[in-house]
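# Survey of secondary and tertiary structure
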Amino acid sequence: MISSLNAANAYSSARPAIAPLQDAGSGDRVDIGTAAQEFAEQMQQFDQAATDALTGTTGTHELVQAIAQSQLAMETVVAVRNKIVESYQEILRMPV
């Protein structure tokens, strides 16, 4: 049986996990907006590299590097999305 004291202790120990980012200097947390912006910039760099390769202003080596970097970024975003969906589904399975 869960007493009110146990529930209060559990809440106070879980609270830092959902608290907003207090100090931007700690490298432990990643801002989702910043990560999304960096992903968008990576995709723009790939688009520019592909355009440059088609127009002949850059070599195939740079294009292959851009493809590899954008593929890694895409795989990372998909992995994060899958983890979020998995967490959401787990929350839905929790009894109320």
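Please refer to the structure placed before this passage.
So, a few notes on the structure that sits alongside this text. (Residues numbered from 1 in each chain as written. Predicted model: local features only at pLDDT ≥ 70, side-chain atom pairs only at ≥ 80, totals over all residues. Heavy atoms only, no water.)

Counting its secondary structure elements, the protein chain contains three helices and zero strands. Put simply, the protein chain runs from its N terminus to its C terminus through helices and strands in the order α-α-α. Burial statistics for the protein chain: of 96 residues in total, 7% are counted as buried. For the protein chain, the accessible surface area stands at approximately 8200 Å², while carbon and sulfur atoms represent 61% of it. (Helix = DSSP H or I, 4+ residues; strand = E, 2+ residues; numbered from the N terminus. Buried < 20%, exposed > 50% of the residue type's maximum accessible area, 1.4 Å probe, protein only. Areas by Shrake-Rupley, 256 points an atom, 1.4 Å probe, with all protein chains shown as cover.)

Right, let's talk about the side chain of Ser-70 for a bit. Among the secondary structure elements, Ser-70 is positioned in helix α3 (residues 60–93). A polar contact of 3.0 Å, which involves the side chain of Ser-70, links it to the backbone oxygen of Ile-67. Once residues lying within four places of it in the same chain are set aside, the contact partners of Ser-70 are Gln-42, Met-43 and Phe-46. (Polar contact = N/O pair within 3.5 Å; in protein donor to acceptor, adjacent residues only side chain to side chain. Contact = heavy atoms within 4.5 Å.)

On inspection of all chains with the given rule, the structure shows one salt bridge. In this structure, Glu-86 engages Lys-83 in a salt bridge whose closest nitrogen and oxygen atoms are separated by 3.8 Å. Pair noted here: Glu-86 and Lys-83 are both in helix α3, with a separation of three residues, about one helical turn. (Salt bridge = Lys/Arg side-chain N within 4 Å of Asp/Glu carboxyl O.)

Right, let's talk about helix α2 (residues 32–55) for a bit. Counted at 1.5 Å a residue, the expected span for α2 with its 24 residues is 34 Å, and the 35 Å between its end C-alpha atoms agrees. Turning to α2, its buried residues are Gln-42, Met-43 and Ala-49. (Expected span 1.5 Å × (residues − 1).)

So, about α3. Compared with the 50 Å implied by 1.5 Å per residue over 34 residues, the 49 Å span of α3 between its first and last C-alpha is a close match. Restricting attention to buried positions, one finds in α3 the residues Leu-63, Ala-66, Ser-70 and Ala-73.

Once that is clear, we can look at the packing of α2 against α3. At a minimum axis distance of 9 Å, the contact between α2 and α3 shows a crossing angle of 155 degrees. Judged by the inter-axis angle, α2 sits roughly antiparallel to α3. Judged by the sense of rotation from one axis to the other, the crossing of α2 with α3 is left-handed. Residues Phe-39, Gln-42, Met-43, Phe-46, Ala-49, Ala-50 and Ala-53 of α2 pack against Leu-63, Ala-66, Ile-67, Gln-69, Ser-70, Ala-73, Met-74 and Val-77 of α3. Of the residues belonging to the contact of α2 with α3, the class tally is twelve nonpolar, three polar and no charged. (Axes fitted to C-alpha atoms, helices over the stretch in contact; angles between N-to-C directions. Parallel < 35°, antiparallel > 145°, perpendicular 65-115°, else oblique. Left-handed = near helix turned anticlockwise from the far one by under 90°. Nonpolar A, V, L, I, M, F, W, Y, C, P; charged D, E, K, R; others polar.)

Along the chain, the position of Gln-42 falls in helix α2. Using a relative accessible area of 15% as the deciding quantity, one classes Gln-42 as buried. Among residues more than four places away in sequence, those in contact with Gln-42 are Ala-66, Gln-69, Ser-70 and Ala-73.

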